[in-house]
Amino acid sequence: GSNDVALLRTTEAGQTSVTIFPVTPGANNLAVAPGGKYVFVYHDVDGPEQLGPGSDQELTVLDIAGGVTHAMTVGAHPREVVFSTDDTTAWVITAAGINVIPFASLGAVGKPPLLPVVADPGIDPATLEVQVVASEGLALARVDGQPWLAVTQLPGGELTVLDLPGIPTDLDIAATGKFAVLTLPDKDGSTFLEMPLPLGPG
């Protein structure tokens, strides 16, 4: 319920200091970059807490080494932050697409680029499932009731639509990032379609 984040630093001698940083109102989730240098503070639309005053499009990035925060505006209803495997970029999955946030430009970007993950901007976000494959720099998207899979290149934004032999009801990524699994129901049960990654043009 607070609008701040507490950063605790403990020395080798066991002494702990606390620094309080103001962040976006209504934040209910933290995402820490793999290298531990940045913390993304945002309101996760899938969290149990109500937003209250403020906007869930506002996101704060805490630069731990610099001791400063960077406020920015992302797409509506963010639900996940995924980091590139080289620890240089964050991808924020929202109802409007994916915001690309390079760490090197944190001090200069108030509204990071937003990449669409489907060709039709009118698609109901509630019917959309998006998975980011960090190891391949890809975003995969399926829409309820549609027999295709959309593939977006990160960070370039090139979008490819792949036709499927059925209508998927679920999309999962292998822990290795080497393949995606789509669940295709039929009258006799379900079929699991395994698609090697990366996917894209050609």
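Scroll up a little and you will see the structure.
Overview of the structure. (Residues numbered from 1 in each chain as written. Predicted model: local features only at pLDDT ≥ 70, side-chain atom pairs only at ≥ 80, totals over all residues. Heavy atoms only, no water.)

### Examining the sheet that holds strand E17 (residues 189-196)
The antiparallel open sheet is built from three strands, whose spatial order is E15-E16-E17. Where the open sheet ends on each side, the last strands, each with one partner, are strand E15 (170-173) and E17. Put simply, the sheet's adjacent strands are angled 20° from each other on average, direction ignored. Where E15 meets strand E16 (residues 179-186), four bridges bridge the pair, whose relative direction is antiparallel. Note that in E16 the partner of Asp-172 across the bridge is Val-181. (Pairing = 2+ DSSP bridges. Helix = DSSP H or I, 4+ residues; strand = E, 2+ residues; numbered from the N terminus. Axes fitted to C-alpha atoms, helices over the stretch in contact; angles between N-to-C directions.)

### Details of unusual backbone geometry
Cis geometry marks the peptide bond from Leu-154 to Pro-155; its omega dihedral reads 10°. For His-77, which is not glycine, the phi torsion reads 60° and is therefore positive. Note on placement: His-77 falls in the loop between strand E6 (68-73) and strand E7 (80-83). Even without glycine at this site, Asp-87 takes up a positive phi of about 60°. Along the chain, Asp-87 falls in the loop between E7 and strand E8 (89-94).

### Here's the deal with the side chain of Thr-89
Following the sequence through the fold, Thr-89 ends up in strand E8. Take Thr-89: its relative accessible area is 13%, and that puts it in the buried class. Looking at Thr-89, its side chain comes within polar contact range of the side chain of Thr-88, at 3.2 Å. Discounting residues that sit within four places of it in the chain, Thr-89 has contacts with Val-82, Phe-83, Ser-84, Val-100, Ile-101, Pro-102 and Phe-103. (Buried < 20%, exposed > 50% of the residue type's maximum accessible area, 1.4 Å probe, protein only. Polar contact = N/O pair within 3.5 Å; in protein donor to acceptor, adjacent residues only side chain to side chain. Contact = heavy atoms within 4.5 Å.)

### A closer look at the packing of aromatic side chains
Per the stated rule, a full pass over the model turns up four aromatic pairs. Ring geometry for Phe-40 versus Phe-103: centroids 6.2 Å apart, planes at 45°, classification tilted. In this pair, Phe-40 is assigned in strand E4 (residues 38-42) and Phe-103 in the loop between strand E9 (97-102) and strand E10 (114-115), connecting sequence segments 63 residues apart. Pair check on accessibility: Phe-40 and Phe-103 agree, each one buried. Judged by centre distance (6.3 Å) and plane angle (55°), the rings of Phe-83 and Phe-103 are tilted. In this pair, Phe-83 sits in strand E7 while Phe-103 sits in the loop between E9 and E10, placing the two residues 20 residues apart along the sequence. The burial state of Phe-83 is the same as that of Phe-103; both residues are buried. An aromatic cluster is present here, built from Tyr-38, Phe-40, Phe-83 and Phe-103 joined pairwise through their rings. (Phe/Tyr/Trp six-rings, centres within 6.5 Å; stacked < 30°, edge-to-face > 60°.)

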